[in-house]
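Results of the structural survey
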Amino acid sequence: MRQLLRLTALAGAGLLLAACDRSHQGQARQGQAPTAHAPAASSTLAHAAAANTRFVPPPLSAIPDTPFGKEVALGHRIFTETGTYASAYVGNRLSCENCHIDAGRLANAAPMWAAYPAFPAYRSKNGHVNTFGERMQGCFRFSMNGKAPPLGSPVLVALESYAYWMSQGAPEGASLPGRGYPKLPKPAMAPDYARGEQVFKSHCALCHGADGQGQQVAGRTVFPPLWGPHSFNWGAGMHKVNTAAGFIKANMPLGRGNTLTDQDAWDVAYFMDAHERPQDPRFNGSIPATRAKYHHSAQSLYGTVVNGKLLGQGTSAH
Amino acid sequence: MNAPRLLAFAAGWALTASALAGTQPDGASIARLGNGHGVAPCAACHNANGSGQAAAGFPRLAGLPAAYLLKQLDDFASGARRNATMQPVASGLSPAERKLMADYYSTLPVPAPAAPAAPMDAASKALAETLSTQGRWSKGLPACSQCHGPGGVGVGDHFPPLAGQSAVYIANQLHAWQHGTRHNDPLHLMKTVASKLDAADIAAISAWYASQPATGKGGASP
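Residues numbered from 1 in each chain as written. Chains lettered and ligands numbered in written order. Predicted model: local features only at pLDDT ≥ 70, side-chain atom pairs only at ≥ 80, totals over all residues. Heavy atoms only, no water.

Moving on, we get to the confidence of the model for chain B. Residue and element names in this part refer to chain B. With 86% of its residues at a pLDDT of at least 70, chain B reaches an overall mean of 88. Throughout residues 1-21 the model reports pLDDT below 50, and contacts reaching past four residues in sequence, or to other chains, amount to one contact. Overall, residues 217-222 carries pLDDT values under 50, and its contacts beyond four positions in sequence, including any with other chains, amount to 16 contacts. Scored as a complex, the prediction yields pTM 0.85 and ipTM 0.87. (pLDDT = per-residue confidence, 0-100. Contact = heavy atoms within 4.5 Å.)

A word on the interface of chain A and chain B. Opposite the 19 residues of chain A that make contact, chain B presents 25 residues. Between chain A and chain B the total buried area reaches about 2000 Å² when both faces are included, carbon and sulfur atoms providing 69% of it. For the pair chain A and chain B, the interface holds two residue pairs in polar contact (both at pLDDT 80 or more). Listed by contribution, the elements that provide at least two residues to the side of chain A that touches chain B are α7 (101-104), α11 (193-203), α12 (205-208), β3 (215-217) and β4 (220-223) of chain A. Residue classes in the side of chain A that touches chain B are distributed as 10 nonpolar, five polar and four charged. (Buried area = accessible area lost by both parts, 1.4 Å probe. Polar contact = N/O pair within 3.5 Å; in protein donor to acceptor, adjacent residues only side chain to side chain. Helix = DSSP H or I, 4+ residues; strand = E, 2+ residues; numbered from the N terminus. Nonpolar A, V, L, I, M, F, W, Y, C, P; charged D, E, K, R; others polar.)

Okay, the pairing of β4 of chain A next. Pairing analysis gives three bridges linking β3 of chain A to β4 of chain A, with the strands arranged antiparallel. Following the sheet pairing, Gln215 of chain A is matched in β4 of chain A by Phe223 of chain A. (Pairing = 2+ DSSP bridges.)

All names here are of chain A. Following the criterion strictly, the structure yields 12 salt bridges over all chains and no others. In this structure, Lys70 engages Asp65 in a salt bridge whose closest nitrogen and oxygen atoms are separated by 3.4 Å. The shortest N-O distance in the salt bridge between Asp262 and Lys249 comes to 2.9 Å. With a gap of 13 residues between them, Asp262 in helix α14 (residues 262-273) and Lys249 in helix α13 (residues 241-251) connect regions that are remote in the sequence. There is no split in this pair, since Asp262 and Lys249 are both buried. (Salt bridge = Lys/Arg side-chain N within 4 Å of Asp/Glu carboxyl O. Buried < 20%, exposed > 50% of the residue type's maximum accessible area, 1.4 Å probe, protein only.)

The next thing to look at is unusual backbone geometry. Residue and element names in this part refer to chain A. Between Phe119 and Pro120 the backbone carries a cis peptide bond, its omega angle lying at 5°. With respect to the element layout, Pro120 can be found in the loop between α8 (112-115) and β1 (121-123). That bond from Met252 to Pro253 is cis: its omega, -10°, falls within 30 degrees of zero. Tracing the backbone through its elements, the reader meets Pro253 in the loop between α13 and α14.

Residue and element names in this part refer to chain A. Ile101, Phe132, Phe140, Tyr162, Phe200, Met238 and Ile248 are the most contacted members of the largest nonpolar core, which totals 75 residues. The dominant element in this core, judged by the number of residues it contributes, is helix α10 (residues 154-167), at eight residues. Dropping the residues within four chain positions of it, Phe200 is found in contact with Ala205, His208, Gly209, Ala210, Gly212, Leu226, Trp227, Val268 and Phe271. (Core = buried A, V, L, I, M, F, W, Y, C linked by side-chain atoms within 4.5 Å.)

Along the polypeptide, Gln146 of chain B turns up in helix α8 (residues 145-148). A distance of 3.5 Å separates the side chain of Gln146 of chain B from the side chain of Trp137 of chain B, its partner in a polar contact. The residues contacting Gln146 of chain B, other than those within four sequence positions of it, are Val222, Phe223 and Leu254 of chain A together with Trp137 of chain B.

The next thing to look at is the side chain of Ser206 of chain B. Residue and element names in this part refer to chain B. Take Ser206: it is sitting in helix α11 (residues 199-211). Judged by relative accessible area, Ser206 falls into the buried class, the value being 2%. A distance of 3.3 Å separates a polar atom in the side chain of Ser206 from the backbone nitrogen of Ala171. At 2.6 Å, the side chain of Ser206 and the backbone oxygen of Ile202 are in polar contact.

Let's shift gears to the environment of Asn242 of chain A. All names here are of chain A. By the element assignment, Asn242 lies in helix α13. Residue Asn242 is classed as partly exposed on the basis of its relative accessible area, which comes to 28%. C-alpha of Asn242 to C-alpha of Pro171: the two residues are 71 residues apart in sequence and 27 Å apart in space. Once you skip the residues sitting within four places of it in the chain, Asn242 turns out to touch Trp266 and Gln299.

The end-to-end C-alpha distance of helix α4 (residues 67-80) of chain A is 20 Å, a good match for the 20 Å that 14 residues give at a rise of 1.5 Å each. Of the surrounding elements, those touching the buried residues of α4 of chain A are α5 (82-85), α6 (96-99), α7, α8 and α10 of chain A. (Expected span 1.5 Å × (residues − 1).)

Printed below as a string of structure tokens:
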């Protein structure tokens, strides 16, 4: 059945070849490798189709009215209103869908249909093979600045059901086009705080506020805070400038992805990530030592000095 | 308070009020009477309580964000937003009067709808609910609620409430953005989303938001 579904998906994908996403082509025009990570040597028709098309997840209306479907639907609710449905594990004002747009369905916004089939996998972040459940624990600990739900806990079972349901028919073990965020080519000029601040003021502050703290209505986050005590912490993937630049380029301003230049995306990502945020939960008592152990990367500003301020001191939630 | 004292108090209050009105016109009097320099009373179209006239497509102003209202008035005055009725009104108001009116309408309570919303068929309702809460990301279309807030209550200074707004007005604006006849939206956000809607989408969204309960301006908090 799984094979049949896969073939069906590929056949459908083939029909979509002509309608291949414009942003994808745009990136190719800029001389950037496509987001597919399939083996380059592969030349089968199936791989060619997979490399040029996007997996299309089933619509939410297709969630079955079964005990399993109820779990999937709960996972969707947790995904979109994480602070409400998984409050015990959330320490900020974000939801999964703030970084995984369209409730985890949008290509180039770290879609769940591409993440689920890619696990278990080795991660250099923690140096061992992670299950999908453990990968999601990391999201709660870092991006949600909260606590990891125990493996097998209702929250993780629901989220895993949602991701599994969404990825049915997607090839397993392959890195699908649209997975994660696009990897931007190195910018012509090193990312710069002052230029990034200008981009922020002209393109981001309208929604996220001049202070970057986002906007809430009736206790619900409409525009997420980008730094400060209610945002993701220093251990989250989005704190790395290249990750944020790829996300921003493909997805921001919301609904107008791929309208910023690469340079603007790099600059504004740097600006966002050069602000203080909650401490890395792996903090070992020393900023330099924590940087050496967990942030030894040019893409992390943790433990560096920007605009005369040492970053990585953390913010306390209130 | 005896009768003569009451009369004296009332007379004194009336004098003070008229003196104030003479030096500093207030929003309520401009809304009711015009500004005395040729600008017609706002209430003629938007009603005394700021409810607008839904069927005619005159929008509700009561409870909308002051910054949003001021931007629209300024844009009408400068021509950045075109409307044959509003252009002479806005340019006939001084900048200070525009600010006064924006502040005035933003503080008015949201009136109850004058008439029950038109019933929607199930398919249109389902379409509107999907577009408002999920969008249509396969076409790059965000959900309305992602900027205008849950239920369209409005968010902050730049994203006005849609709930309880005139369906005719909402539809007119979406068509205007689509055709490029309205183009004063920040970052072209509305132009972008309107270009991804078809006529059925617009009809469904407009009717659905008009039927949603308006709870006052979406007070954004940090």
